[in-house]
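Breakdown of the fold
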Amino acid sequence: MCIRAATPQLPRHAPAQPRRPSPRPGPDDRAPGPAPDGYRWARRRVRRTLLTALAVPFAVGAVLLAVVGTWETVAASRSVLDPRDYARLRVGQDRSDVRKVLPDRQAVERPAGAGAKERGTTCEFYAMTADRFDDRSGDVYRLCFRGGRLVSRDALTP
């Protein structure tokens, strides 16, 4: 009996493998190319929606700010007592005479604690200017009446 030593031998050629269909290319395997029309349309629609979602509140806020600013200016301008008319007012003057030089409306803003000092006295407030950027903006004239007569006139600053 002859004993042969086992010596491994490597094949010279790779064994034949059964042919499988090539896998479909994945998103990473594709060469970049033009996007499909539906994809471009969807991106455009998202971009437009985002722009609308940002622009509409901004536009509404701007319009609201303009309307309120205009309203404030108009309301203030209708309550301005001309300084020359204020200078002509005298304590003891009849209310009907004073009413001739007063504006249509009273000032909306009034300094804190600027109400009537005495019981039975009613006070009215008129703006010195309608210009928001004037140093006198927020300042008012206070005219107090009792018994149909002007009892005090004051220029108040906040």
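Below or above, wherever it landed, is the structure these notes cover. Note that the structure is a prediction, hence the values are computed from the model and not measured.

Examining the overall build of the chain
When helices and strands are tallied, the chain shows three helices and three strands. Listed N to C, the secondary structure of the chain is α-α-α-β-β-β in terms of helices and strands. Within the chain, the fraction of its 158 residues that count as buried is 20%. When contacts within the chain are restricted to residue pairs at least 6 apart in sequence, long-range pairs at least 24 apart make up 51% of them. As displayed, the chain has an accessible area near 13,300 Å², and 57% of this comes from carbon and sulfur atoms.

Brief notes about the side chain of T129
When you line up the elements, T129 lands in the loop between β1 (122-127) and β2 (140-146). Residue classification places T129 among the buried residues on the basis of a relative accessible area of 14%. Other than its neighbours up to four places away in sequence, T129 contacts V80, D134, R136 and S137.

Overview of the packing of aromatic side chains
Aromatic ring pairs are defined here through the distance separating the ring centres and the angle between the ring planes. Counted under the stated rule, the structure contains one aromatic pair. When the ring of Y86 is compared with that of Y141, the centres are 4.0 Å apart and the planes differ by 15 degrees; the resulting orientation is stacked. Taken as a pair, Y86 in helix α2 (residues 83-88) and Y141 in strand β2 lie far apart in primary sequence, 55 residues in all. Of note, R95 hangs over the ring of F145, and the distance from its end group to the ring centre comes to 4.2 Å.

Observations regarding the sheet that holds β2
The strands making up a sheet are joined through hydrogen bonds of the backbone, oriented either antiparallel or parallel. With respect to topology, three strands assemble into an open sheet ordered β1-β2-β3, the strand pairing being antiparallel. Unpaired on one side and paired on the other, β1 and β3 (149-156) mark the two borders of the sheet. Along the sheet, successive strands turn relative to each other by an average axial angle of 20 degrees, direction set aside.

Section: a positive patch on the surface
Side chains of R43, R44, R45, R47 and R48 sit close together on the surface and give a patch of like positive charge. Relative to the assigned elements, R44 resides in helix α1 (residues 37-77).

Here's the deal with the nonpolar core
If you look at the biggest cluster of nonpolar residues, it comprises 11 residues: L81, Y86, L89, V98, L102, Y126, M128, Y141, L143, F145 and L150. The dominant element in this core, judged by the number of residues it contributes, is β2, at three residues.

Thresholds applied
Residues numbered from 1 in each chain as written. Predicted model: local features only at pLDDT ≥ 70, side-chain atom pairs only at ≥ 80, totals over all residues. Heavy atoms only, no water. Helix = DSSP H or I, 4+ residues; strand = E, 2+ residues; numbered from the N terminus. Buried < 20%, exposed > 50% of the residue type's maximum accessible area, 1.4 Å probe, protein only. Contact = heavy atoms within 4.5 Å. Areas by Shrake-Rupley, 256 points an atom, 1.4 Å probe, with all protein chains shown as cover. Phe/Tyr/Trp six-rings, centres within 6.5 Å; stacked < 30°, edge-to-face > 60°. Lys NZ or Arg CZ within 6 Å of the ring centre and 35° of its normal. Pairing = 2+ DSSP bridges. Axes fitted to C-alpha atoms, helices over the stretch in contact; angles between N-to-C directions. Patch = residues over 30% accessible without salt bridge, like charges linked within 9 Å, V, L, I, M, F, W, Y side chains within 5 Å. Salt bridge = Lys/Arg side-chain N within 4 Å of Asp/Glu carboxyl O. Lys, Arg positive; Asp, Glu negative; His and termini not counted. Charge placed at Lys NZ, Arg CZ, Asp CG, Glu CD. Core = buried A, V, L, I, M, F, W, Y, C linked by side-chain atoms within 4.5 Å.

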